[in-house]
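Below, each chain spelled out in residue letters.
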Amino acid sequence: QVQLVESGGGLVQPGGSLRLSCLASGFSFSRYVMRWYRQAPGQERELVARISAVASTTNYVDSVKGRFTISRDNAKNTVYLQMNILKPEDTAVYYCNAWNFPSDYWGQGTQVTVSS
């Protein structure tokens, strides 16, 4: 059974940090591109960061460059999103995604709220 379980979300003040984790099971994690998406209320889901399967090449949406870092530990079947200098506009539900065509798996999401 495929599972992606996100954790690490919560309430943080502007300028603070959070580290999201996504534990994968039920598929060959190291062969999958891993992505973090987010969706704010009333907005479409947005790709935030991705990391390739082999070379661990990373890409980010412009709004988080220099603040967020995606990484993976294939031995632990886990992908991380380190989020620093958080802003109120980062408030959203964050989703973990695993992709290796045609397979496309999603987690249930974790809420991140940035507010004073």
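Quick look at the structure, then.

Parameters and conventions
Residue numbers restart at each chain and count upward from 1, following the sequence in its written direction. Totals for whole chains, interfaces and linings use all residues, but because this is a predicted model, local features are given only for residues with pLDDT of at least 70 and pairs of side-chain atoms are given and counted only at 80 or more. Note that water and hydrogens are dropped before the side-chain values are worked out from all heavy atoms of the structure. Pairing of aromatic rings covers Phe, Tyr and Trp, the last counted by its six-membered ring, and requires centre-to-centre distances within 6.5 Å; plane angles under 30 degrees mean stacked, over 60 mean edge-to-face, and any other angle means tilted. Counting from the N terminus, the helices are the DSSP runs of H or I reaching at least four residues and the strands are the DSSP runs of E reaching at least two. Using a 1.4 Å probe on the protein chains alone, a residue whose accessible area is under 20% of its type maximum counts as buried, one over 50% counts as exposed, and one in between counts as partly exposed. Disulfides are defined as cysteine sulfur pairs within 2.5 Å.

### Some details on the packing of aromatic side chains
Within this structure, the stated rule accounts for four aromatic pairs. Consider the rings of Tyr32 and Tyr105, whose centres lie 5.8 Å apart with planes at 25°: the pair is stacked. Of this pair, Tyr32 sits in the loop between strand 3 (18–25) and strand 4 (33–39) while Tyr105 sits in strand 10 (residues 103–106), and the two are 73 residues apart along the sequence. Assessed through its relative accessible area of 8%, Tyr32 is described here as buried. Ring geometry for Tyr37 versus Trp106: centroids 4.9 Å apart, planes at 55°, classification tilted. Taken as a pair, Tyr37 in strand 4 and Trp106 in strand 10 lie far apart in primary sequence, 69 residues in all.

### Description of the state of the cysteines
What the rule picks out here adds up to one disulfide. Covalently, Cys22 is tied to Cys96 through a disulfide, its sulfur atoms 2.1 Å apart. The sign of the S-S torsion, about -80°, decides the handedness of the disulfide formed by Cys22 and Cys96: left-handed. Here Cys96 lies in strand 9 (residues 92–100) and Cys22 lies in strand 3, a separation of 74 residues in the sequence. Looking at Cys22, the relative accessible area reads 0%, which means it is buried.

### Considering the environment of Ala53
Among the structural elements, Ala53 can be located in the loop between strand 5 (46–51) and strand 6 (58–60). When its relative accessible area of 14% is taken as the criterion, Ala53 is described as buried.

Interpretation note: all reported values are geometric properties and have no functional meaning in isolation.
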